[in-house]
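# Breakdown of the fold
Here is how the chains run, residue by residue.
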Amino acid sequence: QGRDAVDYLNRICGAQIDVPINKVAYTQLLNVRGGIEGDVTVTRVAQDEFYLLDAAATQNRTFNWLKGQIGDDEFVTITDVTSAYVMLGVMGPKSRELLLKLTDADLSNEAFPFGTSQEIDLGYARVRATRMTYVGELGWEINAPSEFAQHLYDAIMEAGADLGVVNAGYHAMSSCRIEKGYRHWGDDITDEETPVEAGLRFAVDFNKEAFNGRDVLLDQKAN
């Protein structure tokens, strides 16, 4: 967050970050060589505030890399809020039907399009629900204060019992994302590959005037 948050993020991200509030940008964090330092989503929660979601295993690496990218003349504050929130992925063809048992929010495609985020009531918790999925199906990522983790998990499992809800293991989820063609940082992509090389050109806004590795990516794209 901060006065220069938009410009800072647009410089280190391939995607366009200057989006409407509650819009989610899927993007790669890029070094000056165009290499992928992170594979993240960035949600705009206010004009000068953004919520970045990364994999749990890269929490410290990404946090320190982000801090190191702040310019001397940029007013940007980065806060690691990992311990304050739980993230529950509710994904699958019946995920909307399940969540509607726990909320009065409108989860239709018209009211809650893919790639957007909203604060809604879910069970007894106020959560940030993001229409995003890592398994290639309909789904939401539920970010909630950590103290509501057990309640939300129990409520979701109870509400989904008659819908066939199951716990998905990490490798099962990984199999689904491979089938969908979603990348995983550290396996498919690293700081040595660029979005062009990784088939992620759709996540790069080449119309931005300047961002890390832009000339490298344009040259690769041309060739």
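Our subject in this report is the structure included herewith. Just so it is clear, the model here is predicted, and its values are computed rather than measured.

The rules we used
- Residues numbered from 1 in each chain as written.
- Predicted model: local features only at pLDDT ≥ 70, side-chain atom pairs only at ≥ 80, totals over all residues.
- Heavy atoms only, no water.
- Pairing = 2+ DSSP bridges.
- Helix = DSSP H or I, 4+ residues; strand = E, 2+ residues; numbered from the N terminus.
- Axes fitted to C-alpha atoms, helices over the stretch in contact; angles between N-to-C directions.
- Contact = heavy atoms within 4.5 Å.

The side chains of a regular strand alternate between both faces of the sheet. Pairing geometry for strand β5 (residues 117–122) and strand β6 (residues 125–130), over 6 bridges, is antiparallel. Across the sheet, the residue bridging to Asp121 is Arg126, located in β6.

Strands sit in the order β4-β7-β6-β5 across an open sheet of 4 strands; the sheet is antiparallel. Here the strands that pair on one side only, and so sit at the sheet edges, are β4 (85–91) and β5. Averaged over all neighbouring strand pairs, the angle between strand axes comes to 30 degrees, with direction disregarded. Pairing between β4 and strand β7 (residues 139–145): 7 bridges, direction antiparallel. Paired with Gly89 across the two strands is Glu141, which belongs to β7.

In sheet architecture, strand pairing relies on hydrogen bonds along the backbone and comes in two forms, parallel and antiparallel. In space, the 3 strands of this open sheet follow the order β1-β2-β3, with antiparallel pairing throughout. What marks the edges here is a single partner per strand, and that holds for β1 (24–30) and β3 (49–53). Across the sheet, the axes of successive neighbouring strands diverge by a mean angle of 40 degrees, strand direction being ignored. Taken together, the 5 bridges between strand β2 (residues 36–46) and β3 define a ladder with antiparallel strand orientation. Bridge pairing in β3 places Ala46 opposite Glu49. Sitting on the sheet, helix α2 (residues 59–68) is in contact with β1, β2 and β3, with an inclination near 80 degrees to β1.

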